[in-house]
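# Analysis of the macromolecular model
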Amino acid sequence: MFLEPAVDYYNYWAKASRNDAFRHHLLPYHLLDVVAVGDCLLDRRHPASDVLTRLLRTSEEDVRGIIRLLMLVHDIGKFCVSFQGLVPELAKRLLKQSQPLPYTARHDLLGLEIWNQHLVDQLSEAGRLTGRDTRRFHRRSSLDILAASAFGHHGLPLQSRSVSLVLRDHLEESNLKAAVTFLSEALSLLSVQEVNPSVITVEAAATASWWVNGFITLCDWIASSESHFPMESLRYPLQEYLEKSRERASLAVDRTGILPARLGAEISLSDILGTNSGSINQTNLQQTVANFQVESGPYLFIIEESTGSGKTEAAALLAHRLMTALNYIGLYVALPTTATSDSMYRRLRRYYRLLYNADEHPTLVLSHGMRDHNPEFSASILAEDSQSSRTVGDSALPAGAACSHWLADHRKKALLAHVGVGTVDQALLAVLPSKHLTLRLLGLAGKVLIVDEVHACDVYMSAILEKLIQAHAVAGGSTILLSATLPSKQRERLVTAFNQGVGISSQDVGLSKSEYPLITTCNCKGSVETRLVTPSRCERTLSTHLLTSHAACIDLILETVKSGRCMVWIRNTVSDAQMAFVELRRRLPAESVFLLHARFTNGERLAAENSLIETFGPNSTAEQRNGRVVIATQVVEQSLDLDFDEMISDLAPIDLLIQRLGRMRRHCRDQFGKRVVGQDLRGPLVLHVHGPSPAADSGSDWYKAHFHKASSVYPNHAQLWLTAKLLQEKGTLTLPNDTRWLIESVYADDIRQEVPPGLRQSITRDESDQVVSRSIGLRNTIPLAQGYTRDVNTVWWDDRSTPTRLMEESTTILLCRLVGERLEPWTRGGPQAWLLSMLNVRAAIVKEPAPPDQLLRGAIEQVKSLIPGQCRWGVLLPMTKGSGGNWECKVIDAYGEEKTVHYSSELGFITSNDYAILREDLHEPD
């Protein structure tokens, strides 16, 4: 027979239906649901189990007791009568409350105050808390730190307020008795006889609090899924309900797709490449990592090798060795852009299952969610039904609704999947003060983090990446960094950051500044450098040729097309690319000239990339390539497997020119462009660089006079001058032998005396900007050692506005067009049409649309309800047909001026200034 508790804690609800107030889920049940999920994850060796034990530096038994206590109290603030009054019908029925109390403080903050002022003392007096620090009111104790992290489970840490002002107006004595009675009985039920926080140091608790918060938040979200934990208002003995909850938790956790999957015994290079093992010749890099003996982790590997040398495949082999030896559950591959993420996703999709046992079902996800989703993963991981998003509560987003919102953003899923691919930004958000950053930290736990093209991180991003590597190492995670062109100063900082994560205090890492190619291997024992032998196919000798005029570039392109070869001209700005494209379209057949830059909508850019890969990729035929020309910006610089016969590049820093070289003669072909085995037969290799001649008396306007629009893209014009001078004087380059020398010659600290006096000021400005950027990056990262707390000096952002890159402010545009009286997304693509119609533009060009006329205003209001997020994360830019038949829109720029911008599927987004020049070519009459 069920005996009612002496103090009735069954009179409190945790969730209630917005449509039917009497359908609710009891608060004691929800708290037990969270514990059941947490127990299930820990029992089944979710990475949190090892991470929390490692960070708290105590036994698994102690960790389990503390985590259970924290999960039981995380929503204890909902016992407050003011919270219960949010549903007056329920409060009247359950608590006999006739007049609700004003709800002026959220339940998470109320819970923290109840804990601080009542629960700690009462648990101590009851013998549930032992080893209590008697000085806890004079300084933070480990228990204070961990409890604060548990109560801050709605995405942001809490700031404590005065109890006399908060609890007096929210909490009645009966509420407190109900909370304490439930807590005591639940602890007994869970066999938590006592918790001794004194076994955990304050320092360990502070560091661990970030992952503790992530774990409790994840458990809360899973336990808030109504599809797995239906609302229960009938009264059961706690023991009976707990048994039912544990069965539900097991099923829910199974369906998340985040539990460890058994790893495959071995994976070979032929598995990764999908070819016959007899036709594979492993490079020295791949042999080195395949034979690497893993000791105790964590590790940092920095692999510096030429483009096309198989770095990505070597990283996959190495990651699997780390996973097998160190019990990691997966990996996350971070790329510099969404385009490179798409390319990497296609490659990983071929072989990621081979990392695991054949009967396992590991999850793979593309983080930015543009395409190629894994539907099984999208449908299963933390699947949330529509009911939970209609439950009511306070201004803290209900857990079920938050979960649905979080999952709708595909970029975040990658950090929970076994294998994730996405932009480096998604990983950097784990150490920036953004909402739910702790879930990203937890998602990376127990994984190998692979960052490709790490040189693409500027000073600001590098500072954040250093903190990420440190935090990942603290949690026992390993990192693999890949680059073809990494300055030694940046490499030393990355190694120092890892050393800090594993407790090595030495600042002098003693790395080589001359060896290349190279693997730098770091663990808790120190650093080892291994010189590599570049495969012969990646060794290249080339000459460089400076083209000092635009006309010379056009003539060379026309000559190349006439000879039947294909060519790329990499421009430094979108505007310059558009102008060159239009000029070549006047002189060549339309189907032979391609344009790619970042100001196309997502859908049209993806289509353009696919077209380029088909026409110029590894499997392209001689017929496809014959006489074709690509005009592109830096978007083709990295990770796209493109193979051009000839190349012109606008002058850029030497490391970027080396990167761009990786898109030329990438695969062996005959003189007609047909793939061959053995030696490339396309003749001498020449890199044509378009830019001004580096005269000894070059003035401060040396670069700007030649590239007016690009002068701010690479602001250190002294480095550009040195690059041009090195190429001109050297004449012939041998790569990779010259790679380190070239990079250090341009990026060394003592270049001031090597450049003309007129350019030295750009060095000073750039150095000053870099110091500021690095300082901002370090200041923006989370204070790991201080713990999950709200520092008054720290600004917390929503993850959509968190600055992962320190760059000029941009505007996310949702492009649409007026068809009749209705607005339609620019790119038609079913449910993803609005995502495919997005693009980013500098806020200096578009800050917001100009006020619409009456027709547009009605169409805008009508379409906003159909856009995911109701257009909160971008501005709707409605295009209308102009007098010449071209699509245009009036906008307000960052300076408050109204201008007209245009969009063309052929040219992309066109600024008002450029449109005036291109107008004739767009066939718009005067």
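Scope of this entry: the structure provided in the associated data block. (Residues numbered from 1 in each chain as written. Predicted model: local features only at pLDDT ≥ 70, side-chain atom pairs only at ≥ 80, totals over all residues. Heavy atoms only, no water.)

### A few points about the sheet that holds strand 14 (residues 593–596)
Judged by pairing direction, the sheet is mixed, and its seven strands sit side by side in the order 14-15-13-16-17-12-18 without closing on themselves. The open sheet is flanked by strand 14 and strand 18 (732–735), the only strands paired with a single partner. Across the sheet, the mean angle from the axis of one strand to that of its neighbour is 25°, orientation sign disregarded. For strand 13 (residues 567–570) and strand 15 (residues 629–632), the ladder comprises four bridges, and the chain directions are parallel. For methionine 567, the partnering residue across the bridge sits in strand 15 and is valine 629. Helix-sheet contacts for helix 23 (residues 550–562) involve strand 12 (540–547), strand 13, strand 15, strand 16 (646–650) and strand 17 (685–690), and the interaxial angle to strand 13 is about 160°. (Pairing = 2+ DSSP bridges. Helix = DSSP H or I, 4+ residues; strand = E, 2+ residues; numbered from the N terminus. Axes fitted to C-alpha atoms, helices over the stretch in contact; angles between N-to-C directions. Contact = heavy atoms within 4.5 Å.)

### Considerations on the sheet that holds strand 3 (residues 300–304)
Here we have eight strands laid out as an open sheet, ordered 5-7-4-8-9-3-10-11, and mixed in their pairing. Edge positions in the sheet fall to strand 5 (364–366) and strand 11 (526–531), since each has one partner strand and no second. Going across the sheet, the axis of each strand differs from the next one's by a mean of 15°, ignoring polarity. Looking at chain direction, strand 3 and strand 9 (residues 478–483) are connected through five bridges and run parallel. When the bridges of strand 9 are listed, glutamate 304 appears paired with serine 483.

### Focus: the nonpolar core
Judged by nonpolar contacts, the single largest core of 130 residues is most densely connected at Leu72, Phe79, Trp115 and Trp211. Of the residues forming this core, the biggest block, 14 residues, is contributed by helix 10 (residues 202–223). Those residues within four positions of tryptophan 115 in sequence are excluded, and the remaining contacts are Leu69, Val73, Val120, Leu123, Leu143, Ala147 and Phe151. Core analysis: the next-biggest nonpolar cluster, separate from the first, contains 49 residues, Leu542, Tyr703, Leu720 and Leu759 among them. (Core = buried A, V, L, I, M, F, W, Y, C linked by side-chain atoms within 4.5 Å. Buried < 20%, exposed > 50% of the residue type's maximum accessible area, 1.4 Å probe, protein only.)

### Brief notes about the packing of helix 7 (residues 142–151) against helix 10
Two elements in contact, helix 7 and helix 10, have axes whose closest approach is 8 Å; the angle formed by their N-to-C orientations is 20°. With respect to their mutual orientation, helix 7 and helix 10 come out roughly parallel. Remark: the crossing between helix 7 and helix 10 carries right-handed chirality. Residue-level contacts link Ser142, Ile145, Leu146, Ser149 and Ala150 of helix 7 to Val202, Ala205, Ala206, Ser209, Val212, Asn213 and Ile216 of helix 10. (Parallel < 35°, antiparallel > 145°, perpendicular 65-115°, else oblique. Left-handed = near helix turned anticlockwise from the far one by under 90°.)

### A closer look at the packing of aromatic side chains
For the coordinates displayed, the defined rule picks out 20 aromatic pairs. Considering the side-chain rings of tyrosine 299 and phenylalanine 301, the 5.4 Å spacing of their centres and the 15° angle between planes classify their relative orientation as stacked. Just as tyrosine 299 is buried, phenylalanine 301 falls in that class too. A centroid spacing of 5.0 Å and a plane angle of 40° characterise the contact between phenylalanine 616 and phenylalanine 644, whose relative ring orientation is tilted. (Phe/Tyr/Trp six-rings, centres within 6.5 Å; stacked < 30°, edge-to-face > 60°.)

### Considering helix 30 (residues 760–780)
Between its first and last C-alpha, helix 30 extends 30 Å over 21 residues, near the 30 Å set by a 1.5 Å rise per residue. Residues Ser762, Ile763, Asp766, Ser773, Arg774, Gly777 and Asn780 constitute the buried set of helix 30. Projected down its long axis, helix 30 shows its buried positions confined to an angular sector of 130°, all on one face. Seen from the buried face of helix 30, the exposed residues on the opposite side, beyond 90 degrees, are Gln761, Val771 and Arg779. The inward-facing, buried residues of helix 30 abut helix 21 (459–474), helix 22 (488–502) and helix 28 (717–730). (Expected span 1.5 Å × (residues − 1). Arc of directions from axis to C-beta.)

### Observations concerning the environment of asparagine 213
Locating asparagine 213 in the fold gives a position in helix 10. For asparagine 213, a relative accessible area of 1% translates into the label buried. Separated by 61 residues in the primary sequence, asparagine 213 and glycine 152 have C-alpha atoms spaced 7.1 Å apart. When near neighbours in sequence (up to four residues on either side) are disregarded, asparagine 213 contacts Ser149, Gly152, His153, Thr438 and Tyr788. Here the side chain of asparagine 213 touches glycine 152 through a polar contact of 2.8 Å, landing on its backbone oxygen. (Polar contact = N/O pair within 3.5 Å; in protein donor to acceptor, adjacent residues only side chain to side chain.)

Function-wise, these values are silent; they only describe arrangement.
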